[in-house]
Amino acid sequence: MSAAPGRAYPGDARRTGGGHPLRAPGQAGRPPRPRVIHSRTKRTLRERLHLEGVRLAWVLVPLIALLLGGVVFVNVQRLNLTTQTGRTVDMYNQAQSDILRLRAVLAEKDGQVVEQAAKRLGMVLAPGSGLTYVTVPKEARIAPGQAPRTR
């Protein structure tokens, strides 16, 4: 792989046994990587994802699951309440229908009782449209605290 048999490239150190050109001949392995020292004023993303040695994911995932479970619970309860409200409205409508039906039956029976009583006692029913109501003229009315006129 090398161009000349006597010449070794830095990548061929293991194969040729020559070692790295920057190290002593007895030391094997890679050269040390230069380290970058960051200032400690800003936390890295990896540091932000740890809370006192606990990963943030171990805290957030159950918390989000708990919140979603709460939302599902509230929706189920709301659906149950809506169902119960619908049943109550149906029962109310049924009761109103029964009341109207019973009032019609009562009016029919009441009419029959009045007819039978009128026949037995010889009574005559007054015409409903022939009634006249007496009204008091405005000038004859008295105000509160006023004595009535006798003349």
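Remember, predicted model here, so these are calculated numbers, not experimental data.

Rules and cut-offs
- Residues numbered from 1 in each chain as written.
- Predicted model: local features only at pLDDT ≥ 70, side-chain atom pairs only at ≥ 80, totals over all residues.
- Heavy atoms only, no water.
- Helix = DSSP H or I, 4+ residues; strand = E, 2+ residues; numbered from the N terminus.
- Buried < 20%, exposed > 50% of the residue type's maximum accessible area, 1.4 Å probe, protein only.
- Areas by Shrake-Rupley, 256 points an atom, 1.4 Å probe, with all protein chains shown as cover.
- Patch = residues over 30% accessible without salt bridge, like charges linked within 9 Å, V, L, I, M, F, W, Y side chains within 5 Å.
- Salt bridge = Lys/Arg side-chain N within 4 Å of Asp/Glu carboxyl O.
- pLDDT = per-residue confidence, 0-100.

## Considering the overall build of the protein chain
For step 1, the next point in the chain: When helices and strands are counted, the protein chain shows three helices and two strands.
For step 2, the next point in the chain: Moving toward the C terminus, one meets the helices and strands of the protein chain in the order α-α-β-β-α.
For step 3, the next point in the chain: The buried share of the protein chain, taken over its 151 residues, is 3%.
For step 4, the next point in the chain: For the protein chain, the computed accessible surface area is about 15,100 Å², with 61% contributed by carbon and sulfur atoms.

## Some thoughts on a nonpolar patch on the surface
For step 1, the next point in the chain: Taken together, the side chains of Leu60, Leu63, Ile64, Leu67 and Leu68 make up a nonpolar region of the molecular surface, amounting to roughly 470 Å² of accessible area.
For step 2, the next point in the chain: Here Leu68 lies in helix α3 (residues 56–121).

## Structural notes on the confidence of the model for the protein chain
For step 1, the next point in the chain: In this model, the protein chain carries a mean pLDDT of 78, and residues with pLDDT of at least 70 account for 70%.
For step 2, the next point in the chain: Mean pLDDT values over the elements of the protein chain span from 50, in helix α1 (residues 13–16), up to 94, in α3.

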